[in-house]
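Commentary on secondary and tertiary structure
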Amino acid sequence: MSTATRPNHIGRKINRIRELKYIKQEVLAQALGTNQQAVSIMENSETIDEEKLVEVAKALGVTVEAIKNFSEEGVVNYFNTFNETVSGSNFGPQSTCNFNSLDKVVELYERLVQAEKELVQAEKEKVEYLEKLFKVK
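Residues numbered from 1 in each chain as written. Predicted model: local features only at pLDDT ≥ 70, side-chain atom pairs only at ≥ 80, totals over all residues. Heavy atoms only, no water.

**What to know about the overall build of the protein**
Heads up, the condition is: Think of it this way: any DSSP run of H or I at least four residues long counts as a helix, any run of E at least two long counts as a strand, and we number them from the N terminus. The contact criterion used throughout is that any non-hydrogen atoms of two residues lie within 4.5 Å. Working definition of accessibility: Shrake-Rupley area with a 1.4 Å probe, residue cover restricted to the visible protein chains.
Check the secondary structure of the protein and you find 7 helices and 0 strands. Counting from the amino terminus, helix and strand elements in the protein follow one another as α-α-α-α-α-α-α. Counting only contacts in the protein whose residues sit at least 6 apart along the sequence, the fraction spanning at least 24 positions is 58%. Accessible surface for the protein amounts to roughly 11,200 Å². Of this, 55% is attributable to carbon and sulfur atoms.

Okay, here's the thing in structure tokens:
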């Protein structure tokens, strides 16, 4: 097994960033004013000229440096750090729900029923008022 380092394959990095952002080759191609086959060829290229790299970075919503410095390990570390940060807040997997959703549904239903009763009462009062107006005339 060789211990040689893998080359800095820019095309693969673009491919992984595009996939992580859930962008299809066709969408990236459209943003670049080209076709899907050209994007495929670009993603299989080890090097890309600087002008094209600037265009790709803009289309992907990242910096050129982000593409050049992209690594799978960095992404894993970022998400692990993000998960650790979020788990300490109210949004992480450690947080608990402090209300019963069924109780909330019942509460909402009761409020709707009460609103309906108030509407019916308002209509009755309106009808009574109109009947009085017609009787007076």
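**A word on the pattern of salt bridges**
Opposite charge on two side chains permits them to pair, given that their charged atoms come into close proximity. Our working definition: Salt bridges, as used here, are contacts in which a Lys or Arg side-chain nitrogen is within 4 Å of a carboxyl oxygen on Asp or Glu. Residue burial is assigned from relative accessible area. The probe radius is 1.4 Å, only protein chains are included, and a residue is buried under 20% of its type maximum, exposed over 50%, and partly exposed in between.
Taken as a whole, this structure holds 6 salt bridges when the rule is applied. As a salt-bridge pair, Glu43 and Arg18 come within 2.5 Å of each other at their nearest N and O atoms. Placement of the pair is Glu43 in helix H3 (residues 36–43) and Arg18 in helix H1 (residues 10–20), with a sequence separation of 25 residues. Here Glu43 matches Arg18 in class, with each residue buried. A salt bridge links Lys126 to Glu123; the shortest N-O distance between them is 3.3 Å. With a gap of 3 residues between them, Lys126 and Glu123 both fall in helix H7 (residues 101–136), about one helical turn apart.

**Overview of the nonpolar core**
Using the following cut-off: Each nonpolar core is a collection of buried residues, namely Ala, Val, Leu, Ile, Met, Phe, Trp, Tyr and Cys, held together in the definition by side-chain atoms within 4.5 Å.
Ranked by internal contacts, the top residues of the largest apolar core, which has 18 residues, are Ile14, Leu28, Met42, Val56, Leu60 and Ile67. Those elements that provide at least two residues to this core are H1, helix H2 (25–32), H3, helix H4 (50–60) and helix H5 (64–68). It is H4 that contributes the most residues to this core, 4 residues altogether. Once residues within four sequence positions are removed from consideration, Leu28 is found in contact with Ile14, Arg18, Ile23, Val39, Met42, Glu43, Ala59 and Leu60.

**Some thoughts on H3**
Note the threshold: When we speak of the arc, we mean the arc of directions from the helix axis to the C-beta atoms.
Taken residue by residue, H3 has Val39, Met42 and Glu43 as its buried positions. Relative to the axis of H3, the buried residues are bounded by an arc of 95° and lie together on one face. In this structure, the buried side of H3 is in contact with H1, H2 and H4.

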